[in-house]
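# Coordinates in review
Here is what each chain is made of, one letter per residue.
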Amino acid sequence: EVRLVESGGGLVQAGGSLRLSCAASGLTLDNFAIGWFRQAPGKEYEGVSCISNKYSSTYVADSVKGRFTISSDNAKNTVYLQMNSLKPEDTAVYYCAAVWDYYCSAYGSPDHFTSWGQGTQVTVSS
């Protein structure tokens, strides 16, 4: 059974940083891509970033490019999302999700991902 657990969310002032973690079990990052999505109140899911070690592919949304960085630690089976220069518009619940044998790109969709974590709240105050 695939299980994803996010951590690292919280309240931060604008311009601050947070690092989200997505600890995965029941899968190997060699074969599964991990995506980060966020959902603000009243809005649809937004793809933030994605990493696929199998295809050496990463994706970062234009809205966070230059501020957010995705990385993985295969030994810990964990994917990280380093978020710097946070803005109030980054406030959302952040989810990580997994899918087998997937190339990360701008054409990704939440519908492609088969396993989801419970989410972690990120709040950026102005």
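Just above sits the structure.
Here's a quick rundown of the structure. (Residues numbered from 1 in each chain as written. Predicted model: local features only at pLDDT ≥ 70, side-chain atom pairs only at ≥ 80, totals over all residues. Heavy atoms only, no water.)

### Focus: the sheet that holds strand S3 (residues 18–25)
Keep this limit in mind: Two strands form a pair only when DSSP identifies at least two bridges running between them. Secondary structure is summarised from DSSP: a helix means a run of H or I of at least four residues, a strand means a run of E of at least two, and numbering begins at the N terminus for each. Orientation is described by lines fitted to C-alpha atoms, with helices fitted over the stretch in contact, and by angles between N-to-C directions that extend from 0 to 180 degrees.
With antiparallel pairing, four strands are arranged side by side in an open sheet as S1-S3-S8-S7. Looking along the sheet, the strands with just one partner apiece sit at the ends: strand S1 (3–7) and strand S7 (68–73). Averaged over neighbouring strand pairs, the angle between their axes works out to 15° when direction is ignored.

### A few points about the pattern of salt bridges
Where we set the bar: The salt bridge criterion pairs a side-chain nitrogen of Lys or Arg with a carboxyl oxygen of Asp or Glu, the two atoms within 4 Å. Burial classes follow relative accessibility: with a 1.4 Å probe on protein chains only, a residue under 20% of its type's maximum area counts as buried, one over 50% as exposed, and anything between as partly exposed.
Applying the stated criterion across every chain yields a total of five salt bridges. Where Arg 38 meets Asp 90, a salt bridge forms, and the shortest distance between an N and an O atom there is 2.9 Å. Taken together, the residues Arg 38 in strand S4 (residues 32–39) and Asp 90 in the loop between strand S8 (78–83) and strand S9 (92–100) connect sequence positions 52 residues apart. Note on Arg 38: relative accessible area 6%, which makes it buried. Connected through shared salt-bridge partners, Arg 38, Glu 46, Arg 67 and Asp 90 make up one network.

### A short note on the nonpolar core
As a reminder of what qualifies: Put simply, buried Ala, Val, Leu, Ile, Met, Phe, Trp, Tyr and Cys residues joined by side-chain atoms within 4.5 Å make one nonpolar core. Here, residues are in contact when the closest pair of their heavy atoms is within 4.5 Å.
Residues Ile 34, Trp 36, Leu 81, Met 83 and Tyr 94 are the most contacted members of the largest nonpolar core, which totals 28 residues. Listed by contribution, the elements that provide at least two residues to this core are S3, S4, strand S5 (46–52), S7, S8, S9 and strand S11 (120–125). Setting aside its immediate chain neighbours within four residues, Met 83 contacts Gly 16, Ser 17, Leu 18, Leu 20, Arg 67, Phe 68, Tyr 94 and Val 122.

### Regarding the side chain of Thr 120
What counts here: N or O atoms within 3.5 Å of each other form a polar contact, as long as, within protein, one can give a hydrogen and the other can take it, and as long as residues adjacent in sequence are counted only when both atoms are side-chain atoms.
Within the secondary structure layout, Thr 120 lies in strand S11. Within the local environment of Thr 120, its side chain forms a polar contact with the backbone nitrogen of Gly 9, the two atoms lying 3.2 Å apart. Filtering out sequence-adjacent residues up to four positions away, Thr 120 remains in contact with Glu 6, Ser 7, Gly 8, Gly 9, Leu 20, Ala 92, Val 93 and Tyr 94.

### Focus: the environment of Thr 28
Note on placement: Thr 28 falls in the loop between S3 and S4. We classify Thr 28 as partly exposed; its relative accessible area is 31%. Considering only alpha carbons, one finds Thr 28 and Ser 109, 81 residues apart in sequence, at a separation of 21 Å.

### Details of the packing of aromatic side chains
What counts is decided by this rule: The aromatic pairing rule takes the rings of Phe, Tyr and Trp, using the six-membered ring of Trp, and pairs them if the centres are within 6.5 Å, calling planes under 30 degrees apart stacked, those over 60 edge-to-face and the rest tilted. We call a charge positioned over a ring when the NZ of a Lys or the CZ of an Arg lies within 6 Å of the ring centre and within 35 degrees of the ring normal.
This structure, assessed with the given rule, holds seven aromatic pairs. Three or more aromatic residues joined by ring pairs make a cluster, and in this case those are Phe 37, Tyr 45, Tyr 95, Tyr 102, Phe 113 and Trp 116. Just above the ring of Tyr 80 sits the side chain of Arg 19; from NZ or CZ to the centre is 4.1 Å. Here the basic side chain of Lys 54 rests over the ring of Trp 100, its NZ or CZ set 5.5 Å away from the ring centre.

### A word on the state of the cysteines
Keep this limit in mind: To count as a disulfide, a pair of cysteine sulfur atoms needs to be within 2.5 Å.
Counted under the stated rule, the structure contains two disulfides. A sulfur-sulfur separation of 2.1 Å characterises the disulfide bridge that pairs Cys 22 with Cys 96. Taking the sign of the torsion about the S-S bond as the criterion, the disulfide between Cys 22 and Cys 96, at about 70°, is right-handed. Residue Cys 22 is found in strand S3, and its partner Cys 96 is found in strand S9; the two are separated by 74 residues along the sequence. Across the pair, exposure class does not vary: Cys 22 and Cys 96 are buried alike. The disulfide partner of Cys 50 is Cys 104, and the gap between their sulfur atoms is 1.9 Å. Disulfide Cys 50 to Cys 104: torsion about the S-S bond roughly -55°, handedness left-handed. One end of the pair, Cys 50, is in strand S5; the other, Cys 104, is in the loop between S9 and strand S10 (115–116), and 54 residues separate them in sequence.

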